[in-house]
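Secondary and tertiary structure notes
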Amino acid sequence: MELIQEKPDLSAYLAADDVIDHHHPVVRETAARLASRSTDSYDYARVAFEFVRDAIPHSQDAGDLRVTWRASDVLERRTGVCFAKAHALAALLRAEDIPTAFCYQRLGVVHGLVAVRLDGSWHRQDPRGNKPGVDARFSLDGERLAFTPDPKSNELDYPVLYAEPHPVVMRALRAASDRPHLWRTLPTAL
């Protein structure tokens, strides 16, 4: 699949906002700690991915009812659904000047991923968190995502790389009083 960059200027994929708040102290401190254990940008991207995938439980898997969506909140509260974990990873990567995009799959409902730009091309990553039957890995040599869409079930990969989280996703996250509420209102398409 050919990935389509929504905005031509790569600086859009380094920007901070109220969701990807990579200037927040908790994001900066986490990024600095992870960078101190990394040898270069590639290693940092992998270390940040593994941190978000493994150290921040997916709230469904953990039975956590809280809904987080701001990157700093995800890092501070150590919980989030796929979208929130993608926001946290994007903030950590952007904090270290690695362009990061938001991308999505439709798997019955919309599922959130990120794409990192390294070696002059985009590479999709899924920090959702592993569990039995799910084995997502950081990879620049072919995708190792948590899920593969089934076209027979009307599932698909959206090719667009967004500079900001999709508004449909953000509306659902911001409106959710808790995770069960979010599950009832998750978008089924972009």
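Structure: see above.
Structural notes, computed from the coordinates. A quick note: this is a predicted structure, and the numbers were derived from the prediction, not measured.

**A word on the pairing of strand β2 (residues 100-107)**
A large share of β2 lies buried, amounting to seven of its eight residues. Pairing of β2 with strand β3 (residues 109-118), which is carried by eight bridges, proceeds in the antiparallel orientation. Bridge assignment links Phe102 to a residue of β3, and that residue is Val114. Where β2 folds back onto β3 in an antiparallel hairpin, the turn is made up of one residue, including Gly108, whose phi is positive at roughly 85 degrees. Judged from the two bridges that link them, β2 and strand β5 (residues 156-157) form a sheet pairing that is antiparallel. Of the residues in β5, the one forming a bridge with Arg106 is Leu156.

**Here's the deal with the pairing of strand β4 (residues 121-125)**
For β4, a buried count of four out of five residues is recorded, marking the element as mostly surrounded by other parts of the structure. Note that β3 and β4 share five bridges and pair antiparallel. In the strand pairing of β4, Ala115 is matched with Arg124. The hairpin turn running from β3 into β4, its antiparallel successor, is two residues long, and Asp119 in that turn takes a positive phi close to 55 degrees.

Cut-offs and rules
- Residues numbered from 1 in each chain as written.
- Predicted model: local features only at pLDDT ≥ 70, side-chain atom pairs only at ≥ 80, totals over all residues.
- Heavy atoms only, no water.
- Buried < 20%, exposed > 50% of the residue type's maximum accessible area, 1.4 Å probe, protein only.
- Helix = DSSP H or I, 4+ residues; strand = E, 2+ residues; numbered from the N terminus.
- Pairing = 2+ DSSP bridges.

These values are about where atoms sit, not about what they do.
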